[in-house]
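Each chain is listed here by its residues.
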Amino acid sequence: MVESASCEVLVLNTPTYWRPTAKQPPLRWVEEKKPVVFLKGYLHFLCRDGCIITFNISDETFGSLPPPPGFEDSASVITELDGCLCYGDADSEDLYHVYVLEDYKEAQWETLCCIDRTAWLELEHTLLNSLWMAPLGIYYSDGGRKIMFGTGACKVFAVDLDDSTPQILFTPDETMVGSCEDDYMPVLGLFEESLVPVGRTIEEMISTSPTTEAWYDILKWLPTRPVLELSLVCREWRAMIMTDRFVQSHVIHANLNKSPWIMFIMEPRFGSYMDLKECTDGHRAHVFSSKLVCSQPCHGLNVGSCANWDFICNPAIGYCKHILFDDSDGTFFAGRIGLGYDSEINRHVVVHTTYKEKDLETRHYELQCKVRYVNGEQWRPVDPPRPVAATPPTFVNGKIYWMVEPNLVPASATCEIVAFDVGTDEFEVLQGPPCRHDCGRMTILRLQGALCVSCSDQSVNTIDIWMMKDFDIWLMEYHIELEEFLPNYLLENTTPLAVDPKNGRILLNDGWSLGYYDPKTAAIQTIYREDIPEHDTVFCPIICHESLFCPLGPS
């Protein structure tokens, strides 16, 4: 029994979105796989009980038509024949009835013909027997009217109104297509030559409307939450905000010269986040084991890894989607997922790496790597030229960068970096800054739009941040001394997350303390701290973009 019903309409050539109809539809179960027929200003929907629901496209009201007598609860089809609504039904495997409705006011069905398939030759019966059969049209030939039928096996035949003998007009067997598998679904229809345009796209309508374009230029600078609230003002704004063009423009303009937007991951499995501004004595950041990492934002999205699964998220709208892999061995590897963005085609790219074998003594390894678009399904293999380290990769100017795992390559005085071009699917190896892995912790990240490597030196309690300049030249951009900030900022835990473009301060994360380091004064302003007695648990801050991206559907 149907308990609720809904119907939405989309008006072509207007900058609007799908909306509910003006009137509530009746509680009927529509046959979703049966074609809807438009005729005389009405859309006709066939229901499971044989009844026909009508929808007036002018005033958006609903009505109903009864089926021909005796054909309630039957497997029927409706079409349009010679300007009339047509009802086709087989009350047995032998007889096929065709009715037409010429008078809507009286709702009286008239029998157009009844095809007796017992009169067919065995060859005709074998050839035309099908799971689906429906009238396609009426035409005149040899001084009389003929009805054209289609079948679920893509065969077309015609019969006279007063003669059941079929005249086969088309079979796919006679073409390069070959035989077609029979189906219950409608597979054939008539094509009408027409110059009527479908209508302009929403993007085209926005660009030709000065008012809409003006609001577009205002809204693209606003934070995500106000934009979503304003999308409820009217259907035109909602349609504009949901276009790919606006989403792409918004993520660029709404994040220009903004201080880092800091949130805490509360529950990665369900996409639960808390803004740093909302942290009070009663609402504190959730703490995790160390087996949780998250990337820097990449054009409105982040990726992350937990113990044995990965996720892609947009904390600005609370979006989170798990990424499942059939090659996961259940172990945690912080460098196994990277996120990039191909600006040529405006699509995010995700790269997944897994070690099938790894022997630190012999330096033998087998690394499996594959890539796909975030909203795609097909993975394609790629072959990195070096083993990647267990640190989260970063994305800068069209390339995803990983640190090379030093324990699986010959010893070197400097570090190496692997880069993957998301536009060409090509790898390259770069020489990193003059840092040694045995001195302390090393991470790779994007700061001020440039590729950087953070190197800690345990012997002197310092962090050096190297930045790659033009022509692949590395310069030390920042030197941070942490000695006077112990124990709030332990060297083995502290990593830089971002640089505030407004004042140049560096955001540092210790896992227990979060603070801004000022290179001018060499002071740290702690903006959040947790007293965590267990040294194997930390909170997980995530830097977010103002973004409307939701590439894999709702959570």
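To be clear, the structure that these remarks concern was listed above.
Residues numbered from 1 in each chain as written. Predicted model: local features only at pLDDT ≥ 70, side-chain atom pairs only at ≥ 80, totals over all residues. Heavy atoms only, no water.

Colleague: Quick question: what am I supposed to make of empty space enclosed by the protein here?
Modeller: Tallied over the entire structure, the rule returns two cavities of 30 Å³ or more. In this structure, the largest cavity spans a volume of roughly 70 Å³. As for the largest cavity, its lining consists of Ser-295, Gln-296, Pro-297, Cys-298, Val-303, Ile-337, Gly-338, Leu-339, Pro-393, Thr-394, Phe-395 and Arg-446. Per-class residue counts for the lining of the largest cavity are seven nonpolar, four polar and one charged. (1 Å grid on protein atoms, 1.4 Å probe; cavity = no way out; pocket = protein on both sides within 12 Å on 5 of 7 lines; lining within 4 Å. Points joined across faces, edges and corners; volume = space filled by probe spheres on them. Nonpolar A, V, L, I, M, F, W, Y, C, P; charged D, E, K, R; others polar.)

Colleague: Looking at this structure, how should I read the packing of helix H3 (residues 210–219) against helix H6 (residues 244–253)?
Modeller: In helix packing, the relevant descriptors are the interaxial angle and the interaxial distance, both defined with respect to the helix axes. Across the interface, H3 lies against H6 with an axial gap of 10 Å and an inter-helix angle of 35°. Side by side, H3 and H6 meet where Glu-213, Tyr-216 and Leu-219 of the first sit next to Arg-245, Phe-246, Ser-249 and His-250 of the second. Taken together, the residues that form the contact of H3 with H6 break down as three nonpolar, two polar and two charged. (Axes fitted to C-alpha atoms, helices over the stretch in contact; angles between N-to-C directions. Helix = DSSP H or I, 4+ residues; strand = E, 2+ residues; numbered from the N terminus. Contact = heavy atoms within 4.5 Å.)

Colleague: Looking at this structure, how should I read the environment of Lys-502?
Modeller: Here Lys-502 shows up in the loop between strand S34 (495–499) and strand S35 (506–509). The class of Lys-502 is exposed, set by a relative accessible area of 60%. Each C-alpha atom, one on Lys-502 and one on Ser-259, is 6.6 Å from the other, the two residues being 243 residues apart in sequence. If we ignore the near neighbours within four places in the chain, the residues touching Lys-502 are Asn-257 and Ser-259. (Buried < 20%, exposed > 50% of the residue type's maximum accessible area, 1.4 Å probe, protein only.)

Colleague: When you look at the sheet that holds strand S11 (residues 133–141) in this model, what are you seeing that I'm missing?
Modeller: Note on sheets: strands pair through backbone hydrogen bonds, and any given pair is parallel or antiparallel. Spatially, four strands are ordered S11-S12-S13-S14 in an open sheet, and the strand pairing comes out antiparallel. A strand with exactly one partner marks an edge of an open sheet, and here the two such strands are S11 and strand S14 (167–170). Across the sheet, the mean angle separating the axes of adjacent strands is 30° when strand polarity is ignored. Here five bridges tie strand S12 (residues 144–151) to strand S13 (residues 156–160), and the two strands are oriented antiparallel to one another. (Pairing = 2+ DSSP bridges.)

Colleague: Please explain H3 as it appears in this structure.
Modeller: Residues lying three or four places apart along an α-helix face the same way, a consequence of the helix completing one turn every 3.6 residues. For H3, the complete set of buried residues consists of Thr-212, Glu-213, Tyr-216 and Leu-219. Take H3 and look down its axis: the buried residues cluster within an arc of 130°, on one side only. With respect to the buried face of H3, the exposed residues turned more than 90 degrees away are Pro-210 and Thr-211. Those residues of H3 that are buried lie in contact with helix H2 (202–208), helix H4 (224–230), helix H5 (235–241) and H6. (Arc of directions from axis to C-beta.)

Colleague: Mind showing me how you'd approach the pattern of salt bridges here?
Modeller: All chains considered together, the criterion is met by 13 salt bridges. Between Lys-220 and Asp-217 there is a salt bridge, with the nearest N and O atoms lying 3.4 Å from each other. For Asp-217, a relative accessible area of 33% puts it in the partly exposed group. (Salt bridge = Lys/Arg side-chain N within 4 Å of Asp/Glu carboxyl O.)

Colleague: I tried to follow the pairing of strand S19 (residues 302–305) on my own but got confused; where do I start?
Modeller: Each regular strand carries side chains that alternate between the two faces of the sheet. Side-chain alternation along S19 places Asn-302 and Gly-304 on one buried face and Val-303 and Ser-305 on a second face that is also buried. Judged from the two bridges that link them, strand S18 (residues 293–294) and S19 form a sheet pairing that is antiparallel. Residue pairing for S19: Cys-294 is matched across the bridge by Gly-304. When S19 meets strand S20 (residues 310–314), the two strands line up antiparallel, connected through four bridges. Its bridge partner lying in S20, Ser-305 is registered against Asp-310. Counting the residues in the hairpin turn of S19 and S20 gives four residues.

Just geometry here; none of it tells us what the structure is for.
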